[in-house]
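Residue strings, one per chain:
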Amino acid sequence: MVGSIAAIGAGLAVIGAGIGIGQVGGKAMEGIARQPEAASKIQTAMIIAAALIEGAALFGVVVAFLGNNPA
């Protein structure tokens, strides 16, 4: 039972990260379309934000699986 709850928590963390990265990528593309001259700055900020989101998702997955210990 505890393992399935940890798997659900890990899945929710990954789904949240996917949604977050999708939002960041979409908004960055909109920003580049509106101001092509700022593409390099927008791309740099997008990559940093995506890395932070991915790090938070990895942290969530690790915490979910560490909570799997029934002791």
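Relevant structure appears above.
This section reports on the structure supplied with the text.

Cut-off values and rules
Residues numbered from 1 in each chain as written. Predicted model: local features only at pLDDT ≥ 70, side-chain atom pairs only at ≥ 80, totals over all residues. Heavy atoms only, no water. Helix = DSSP H or I, 4+ residues; strand = E, 2+ residues; numbered from the N terminus. Rg over C-alpha atoms; globule rule 2.2 N^0.38 Å. Buried < 20%, exposed > 50% of the residue type's maximum accessible area, 1.4 Å probe, protein only. Contact = heavy atoms within 4.5 Å. Areas by Shrake-Rupley, 256 points an atom, 1.4 Å probe, with all protein chains shown as cover. Expected span 1.5 Å × (residues − 1).

Considerations on the overall build of the protein
Along the backbone of the protein there are 2 helices and 0 strands. Taken over C-alpha atoms, the radius of gyration comes to 16 Å for the protein, far larger than the 11 Å a tight globule of 71 residues would show. Dimensions of the protein along its principal axes, counting C-alpha atoms only, are 55 × 15 × 5 Å. Within the protein, the fraction of its 71 residues that count as buried is 17%. Counting only contacts in the protein whose residues sit at least 6 apart along the sequence, the fraction spanning at least 24 positions is 72%. As presented, the protein carries roughly 5000 Å² of accessible surface, and 73% of it is formed by carbon and sulfur atoms.

Describing the environment of G26
One can find G26 in helix α1 (residues 2-34). A residue is classified by how much of its surface remains accessible, and G26, at 31% relative accessible area, is partly exposed. The spacing of G26 and M46 is 20 residues in sequence and 9.8 Å in space, taken between C-alpha atoms.

Structural notes on helix α2 (residues 39-66)
The end-to-end C-alpha distance of α2, which contains 28 residues, comes to 40 Å, matching closely the 40 Å that a straight helix rising 1.5 Å per residue would cover. Looking at α2, one finds that the buried residues are M46, A50, A57, V61 and A64.

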